[in-house]
Amino acid sequence: NAGVTQTPKFRILKIGQSMTLQCAQDMNHNYMYWYRQDPGMGLKLIYYSVGAGITDKGEVPNGYNVSRSTTEDFPLRLELAAPSQTSVYFCASRLEETEAFFGQGTRLTVV
Amino acid sequence: DQQVKQNSPSLSVQEGRISILNCDYTNSMFDYFLWYKKYPAEGPTFLISISSIKDKNEDGRFTVFLNKSAKHLSLHIVPSQPGDSAVYFCAADTNAGKSTFGDGTTLTVKP
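First, a word on what this report is: a plain description of the structure on this page. For every chain, the first residue of the written sequence is number 1, and numbering continues from 1 along that sequence. By the order in which they are written, chains take letters starting at A while ligands take numbers starting at 1. Only residues with pLDDT of 70 or above have their local features reported here, since the model is predicted, and side-chain atom pairs are shown and tallied only from 80 upward, although totals for entire chains, interfaces and linings are computed over all residues. Where side-chain values are given, they derive from all heavy atoms of the structure, hydrogens and water being excluded.

Before going further, it helps to examine the interface of chain B and chain A. With 21 residues of chain B at the contact, the number on the chain A side is 24 residues. Reported buried area values correspond to the accessible surface (1.4 Å probe) lost by two parts on association, with both partners' losses combined. Each partner contributes to the roughly 1700 Å² buried at the junction of chain B and chain A, and carbon and sulfur atoms together form 52% of this total. A per-residue breakdown of the area chain B buries against chain A is headed by B:K98, B:F101 and B:D103, which together make up 26% of the total. We define a salt bridge as a contact between a side-chain nitrogen of Lys or Arg and a carboxyl oxygen of Asp or Glu at a distance within 4 Å. The interface formed by chain B and chain A includes one salt bridge. The residue B:D93 makes a salt bridge to A:R94 at a minimum N-O spacing of 2.5 Å. In protein, a polar contact requires one atom able to donate a hydrogen and another able to accept it; more generally it is a pair of N or O atoms within 3.5 Å, and residues adjacent in sequence count only if both atoms are side-chain atoms. The interface formed by chain B and chain A holds four residue pairs in polar contact (both at pLDDT 80 or more) in total. Those elements that provide at least two residues to the side of chain B that touches chain A are β4 (32-38), β9 (86-93) and β10 (99-101) of chain B. Labels follow the DSSP assignment, with helices taken as runs of H or I lasting at least four residues and strands as runs of E lasting at least two, numbered in each case from the N terminus. Per-element accounting of the side of chain B that touches chain A gives the leading share, four residues, to β4(B). Contacts are residue-level and defined by heavy atoms, with any inter-residue pair within 4.5 Å sufficient.

Quick look at the structure:
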């Protein structure tokens, strides 16, 4: 049982490049989330999804896009990377009104 | 406007004593509250939760108290152990499935 799997674990991007952070869960959870954590700060919600085909913005969506074509996968797309997007990104999934399960995180540096 | 606040960035306690971590919220639409624990270089893991219809939930050494009138919740750890040293995040949910996190409190338990 893999839980929530995020890839890659680390990545260095140049300013203006694009990339997709992958997230997959095998628990048949309908809710999925993307958070970013900046040093010394809490988790800020980027986007979330309550089911396949449904996504919504969180607190800090600018510069990101998501899609949810299947229950299992919730990729996060960064277009035109900027230094302000240097952060640790966490994907999570859950059932309604239960605890969330988090991936191990992706440490992204934009230079 | 930060809807979930953990006003103490850090807390240090002696092994065997009680640790009390606090969290305040402003949104009266929050109906489910959770505490997560995070070790360095790992994703957060669930610790304990409480529904807005309750005022206390206990699980072993961990107890969460909810005071709705004060919009305040607290996590009590008794007795504290060195392995409890981690960052603790308070999170609050709306019934739309959106989770909001505090900035975290770093707990250090000294042997």
